[in-house]
Amino acid sequence: MRFTKIQFYLFMLILVLSSCKAKKGITDVGATQKMTIAKVIQKSNAQKGDFNSLRTTLKVTLYKNQEKENITISLRIQKDEKIWMSFKKAGISGAKALITPTKIQYYNKLDK
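Residues numbered from 1 in each chain as written. Predicted model: local features only at pLDDT ≥ 70, side-chain atom pairs only at ≥ 80, totals over all residues. Heavy atoms only, no water.

Asks: How would you summarise the nonpolar core if you had to cite specific residues and measurements?
Replies: Counting five residues, the largest nonpolar core consists of Ile 71, Ile 73, Leu 75, Met 85 and Ala 97. For this core, the leading source of residues is strand β2 (residues 67–78), giving three residues. Non-local contacts of Ile 71, meaning those with residues more than four positions away in its chain, are made with Leu 58, Lys 59, Val 60, Leu 62, Phe 87 and Lys 88. (Core = buried A, V, L, I, M, F, W, Y, C linked by side-chain atoms within 4.5 Å. Buried < 20%, exposed > 50% of the residue type's maximum accessible area, 1.4 Å probe, protein only. Helix = DSSP H or I, 4+ residues; strand = E, 2+ residues; numbered from the N terminus. Contact = heavy atoms within 4.5 Å.)

Asks: How would you sum up the pairing of strand β5 (residues 104–108)? Please name residues and give values.
Replies: As judged from the five bridges shared by strand β4 (residues 92–99) and β5, these two strands associate in the antiparallel manner. Bridge pairing in β5 links Lys 96 to Tyr 107. In this structure, the hairpin formed by β4 and β5 is closed by a connection of four residues. (Pairing = 2+ DSSP bridges.)

Asks: Lay out the layout of surface pockets in plain terms, naming residues and giving numbers.
Replies: Of the volumes computed, that of the largest pocket is approximately 150 Å³. Contributing to the lining of the largest pocket are Glu 69, Ile 71, Phe 87, Lys 88, Lys 89, Ile 92, Gly 94, Ala 95, Asn 108 and Leu 110. Among the elements of the structure, β2, β3 (82–89) and β4 are those that each provide at least two residues to the lining of the largest pocket. Grouping the amino acids of the lining of the largest pocket by side-chain chemistry returns five nonpolar, two polar and three charged. (1 Å grid on protein atoms, 1.4 Å probe; cavity = no way out; pocket = protein on both sides within 12 Å on 5 of 7 lines; lining within 4 Å. Points joined across faces, edges and corners; volume = space filled by probe spheres on them. Nonpolar A, V, L, I, M, F, W, Y, C, P; charged D, E, K, R; others polar.)

Asks: Would you mind going over a nonpolar patch on the surface in detail, with residue names and values included?
Replies: Together, Phe 8, Tyr 9, Phe 11, Met 12 and Leu 15 make up an exposed nonpolar region whose accessible area comes to about 520 Å². The exposure class assigned to Met 12 is partly exposed, which follows from its relative accessible area of 33%. (Patch = residues over 30% accessible without salt bridge, like charges linked within 9 Å, V, L, I, M, F, W, Y side chains within 5 Å. Areas by Shrake-Rupley, 256 points an atom, 1.4 Å probe, with all protein chains shown as cover. Salt bridge = Lys/Arg side-chain N within 4 Å of Asp/Glu carboxyl O.)

Asks: Describe in detail the side chain of Ser 86, supporting the description with residues and values.
Replies: Structurally, Ser 86 can be placed in strand β3. With residues near it in sequence (within four places) discarded, Ser 86 still touches Thr 72, Ile 73, Ser 74, Ser 93, Ala 95 and Lys 96.

Asks: Now, about the packing of aromatic side chains: what can you tell me, with residues and values included?
Replies: If you walk through the whole model with that rule in mind, you get zero aromatic pairs. The aromatic ring of Trp 84 is capped on one face by Arg 76, whose charged end is 4.2 Å from the ring centroid. (Phe/Tyr/Trp six-rings, centres within 6.5 Å; stacked < 30°, edge-to-face > 60°. Lys NZ or Arg CZ within 6 Å of the ring centre and 35° of its normal.)

As structure tokens, then:
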């Protein structure tokens, strides 16, 4: 049995569409609760973390004079030693900062 081009493309389309099925259904987690800053600090202090190093990425949205700015911050912390931050805007590194117990250093690539 030979397929025509239309039958072949139709078969491939049905094959692709039938294979794209979610394995796990979406569950309702619930609405996000609004909390005051004092409540967030209180909950954060109640959950003290015991770590030697931390590495994370933060996505920050700044609103300035009716303008919206998205900044990505790469944050690394070594406990009781140093905090290193790299600020990126639109994927381009803009500034870096290194904070130690004795000094603060920063470098702004945009303004040199």
